[in-house]
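A structural walkthrough
One-letter residues, chain by chain:
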Amino acid sequence: MLGDYLSILLIAYLLTIPLAWVLARWYKSYVEKRINSSGGEAIQEALSIEKNTELPFPGIERIEPKPNSLNPSYQLKYLLPYIIAGLMAGFALHLVSCWLEDRWPTKIFSFIVLGYLCCLPVWIVVYLFFKHTYHTKRKAILFMVLSLVLVLIYSTFRTQTGIFTTAWALLSMYGQIPIFLLLIRLIPAIRQILFTIYPAVLMSVLVGVIIMKTFSQDDKILALFFHPLYDSLQAIGLENQITSIFILLILLLLFSSFYVIARFIRWAYTKKRYNYFIFMTDEIWLLQMVYYSLSWDKQNGLWMGLLLFVFYKILLITFFRFFKVEDTSFRSKNLLVLRVFALGNESASLYDRLKNYWQFKGPIRLIAGHDLNYSTLDIDDLIEWQLNGLKYRFNTSATRLQENLKKMDLLPDKDGSYRTSEMYCTNVTWKMVLKALLKDTDVVFMDLRRFSKTNQGCAHEIIALIHEVDLSKICFVVDQRTDLKLFENVAREAWSNNLPLESPNRLNKNTPISYFRYDGAKDSDALWHHLENISRDTTASNSR
């Protein structure tokens, strides 16, 4: 039986890959076409500019990385609801499995070990939660591997079979869902949307298999439940195609229900009853429950699996309230993300880590671009695009810009995390959008890796930052490919000749323009330490 379920998982996975790729490319093409258009009106504001000869240039300073690792303790209260609810749901799944199949372990330690194996999706949740860190993520992976090795050694000793036979048996029974979930994450370009639509495709395949197995065995089932349509098909001579027609009709009904569910998810997402991380963890546990329920030799096994998923959801909501993760008394800090668009996948990789790190500190805002289309594509964007509502998010005028600024989501979700707000604009309106975003931002993160003379847009952003934002609030990130001489020349030009009278940096107390060199994931923890210091200084200055 397990082989049949593995085949269903594999078929759904293989069907999802091309579907997700087509949808992702279609979405990216749509956004790029509107971004590269010349539509919209640009608003130019007059600035009070004065030659700034009396203030010395503050200089350029490199921030040296700290060797210590990032302390993730501030995030534990946000992770604990997922861990506790997952562990309780996993052991509940193990209890129900033993009860329905009437196979209870004779040793209490064996019972605990098998229950732990049912809780393996918890490790996936922990990995996704801490993927922005370097040391913490490695420690979690190491601890998981060591625990599984101990489970394998104990199971081999208890069963008195070979280690490879035991490993294959455990993998076949407990490892399929985690492995398939990790396979979904292996495709960077489409993993965001792939993770979103894979459960829908899997459920479609499962329903299709069930329908084919049920209706192909006995036409009396069709006559019993759909006798008017059944008699009509017989009257027009389609009695030999009745089963096929009914299967097509039921599949049409299935996809119609997906549309209704998509509208409901969009409503729940807009009303902050859902976000992407909650949706993703729900998918993980729903797949886990459904997979195990299909392997039970009971007719009500599937319903028991769905009830267990409902039990998990009740636990999760309860622990959210118990740990008070949605604490609105905490002063959130807005983070504005700017970058070199030509970085492509490199930009997306660093942004994914940055988003995971900052999501419990405050909302993230950015100007949408082709480099982050896949990373920022979430349930709301996908559904809004399919329902032809995404075009209203493009800021083609000052009026539309003010409307979209008011719609920005700045409050925490049920799990305490904040969302990312993308500001869509065109080649004509992006400077107007940038100026509006700079007015009320707390911290700015600008990725200047691979910055060169060809990136004139980034040069304008550097000048705008020096003019509009306190230097102590800006985190510049560079690498070995960044033209640091050009960066310094642009900064000097902005400071010496064009600094507006209302610029906060006219009161600068010799705060240098600092930058951090980022050469890969190993520097992530040190980068977050630097960003944490900027955030802390921002909070202190605001309180004064």
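Model, not experiment: these values are computed from the prediction. (Residues numbered from 1 in each chain as written. Predicted model: local features only at pLDDT ≥ 70, side-chain atom pairs only at ≥ 80, totals over all residues. Heavy atoms only, no water.)

**What about the sheet that holds strand E1 (residues 60–63)?**
Put simply, the rule is: Pairing between two strands is assigned when DSSP locates at least 2 bridges connecting them. Helix and strand assignments come from DSSP, with helices taken as H or I runs of at least 4 residues and strands as E runs of at least 2, each series counted from the N terminus. Each axis is a line fitted through C-alpha atoms, taken for helices only over the stretch in contact, and angles between the N-to-C directions span 0 to 180 degrees.
Strands sit in the order E1-E7-E6-E5-E2-E3-E4 across an open sheet of seven strands; the sheet is parallel. Across the chains shown, the open sheet's two edge strands, defined by having one partner strand only, are E1 and strand E4 (420–423). The sheet shows a mean angle of 25° between the axes of neighbouring strands, direction not considered. The sheet contact formed by strand E2 (residues 335–339) and strand E5 (residues 443–447) spans five bridges and is parallel.

**A word on the pairing of E4**
Quick reminder of the rule: Residue burial is assigned from relative accessible area. The probe radius is 1.4 Å, only protein chains are included, and a residue is buried under 20% of its type maximum, exposed over 50%, and partly exposed in between.
Burial along E4 is two-sided: the face carrying Thr420 and Glu422 and the face carrying Ser421 and Met423 are both buried. In this structure, strand E3 (residues 364–367) lies alongside E4, joined through four bridges in parallel fashion. Within E4, the position partnered with arginine 365 by the bridge is serine 421.

**A closer look at the environment of tyrosine 13**
Within the fold, tyrosine 13 resides in helix H1 (residues 2–35). According to the relative accessible area criterion, tyrosine 13 is buried, its value standing at 10%. Sequence-wise, tyrosine 13 and leucine 202 are 189 residues apart; in three dimensions their C-alpha atoms are separated by 7.6 Å.

**Quick notes on helix H19 (residues 456–468)**
Convention followed: Expected helix span is taken as 1.5 Å per residue step, with the number of steps being one fewer than the number of residues. The contact definition used throughout considers only heavy atoms, calling two residues in contact when any of these lie within 4.5 Å.
Compared with an ideal rise of 1.5 Å per residue, which puts 13 residues at 18 Å, H19 spans 18 Å between its outermost C-alpha atoms and is within 8% of the ideal. All buried positions along H19 are accounted for by Cys458, Ala459, Glu461, Ile462, Ala464, Leu465, Ile466 and His467. The inward-facing, buried residues of H19 abut E2, helix H18 (430–438), E5, strand E6 (474–478), helix H20 (484–496) and strand E7 (513–517).

**Details of the side chain of histidine 530**
Of note, histidine 530 is situated in helix H21 (residues 524–543). Accessibility expressed as a relative area gives 9% for histidine 530, which makes it buried. Ignoring sequence-local partners within four residues, the contact set of histidine 530 consists of Ile63, Cys475, Ser514 and Phe516.

**Notes on a nonpolar patch on the surface**
In plain terms, the rule: A residue counts toward a patch only above 30% relative accessible area and without a salt bridge, and it is joined to like-charged neighbours within 9 Å or, for Val, Leu, Ile, Met, Phe, Trp and Tyr, to nonpolar neighbours within 5 Å. Each accessible area value is a Shrake-Rupley result obtained with a 1.4 Å probe; residue values ignore everything except the protein chains displayed when judging cover. When a carboxyl oxygen of Asp or Glu is within 4 Å of a side-chain nitrogen of Lys or Arg, the pair counts as a salt bridge.
On the surface, Tyr127, Ile141, Val145, Val149, Leu150 and Ile153 cluster together into a nonpolar patch covering about 520 Å² of accessible area. Structurally, isoleucine 141 can be placed in helix H5 (residues 135–159). Residue isoleucine 141 is classed as partly exposed on the basis of its relative accessible area, which comes to 39%.

**Here's the deal with unusual backbone geometry**
Its identity as a non-glycine residue notwithstanding, lysine 272 has a phi of 65°, on the positive side. For arginine 450, which is not a glycine, the phi torsion comes out positive at approximately 65°. Structurally, arginine 450 can be placed in the loop between E5 and H19.

**Digging into the pairing of E3**
Cut-off, in case you're wondering: Note on handedness: a crossover is taken as right-handed if, strands pointing away from the viewer, the path from the first strand over the helix to the second is clockwise.
Here E3 shows two buried faces, one formed by Ile364 and Leu366 and the other by Arg365 and Ile367. Where E2 meets E3, three bridges bridge the pair, whose relative direction is parallel. Residue pairing in the sheet places leucine 335 in a bridge with isoleucine 364 of E3. Viewed along the sheet, the connection from E2 through helix H14 (residues 345–358) into E3 turns out right-handed.

**With respect to the packing of helix H17 (residues 398–406) against H18**
Let me state the cut-off plainly: Note: crossing handedness is left-handed where the near helix turns anticlockwise from the far helix by less than a right angle, and right-handed where it turns clockwise. Gly is put with the polar residues, along with every residue not named as nonpolar or charged; the nonpolar set is Ala, Val, Leu, Ile, Met, Phe, Trp, Tyr, Cys and Pro, and the charged set is Asp, Glu, Lys and Arg.
Packing of H17 against H18 leaves a shortest axis separation of 11 Å and a crossing angle of 40°. Here H17 and H18 pass one another in a crossing that is right-handed. Two secondary-structure elements touch here, H17 through Ala398, Leu401 and Leu405 and H18 through Met432, Val433, Ala436 and Leu437. Here the residues of the contact of H17 with H18 are counted per class, giving seven nonpolar, no polar and no charged.

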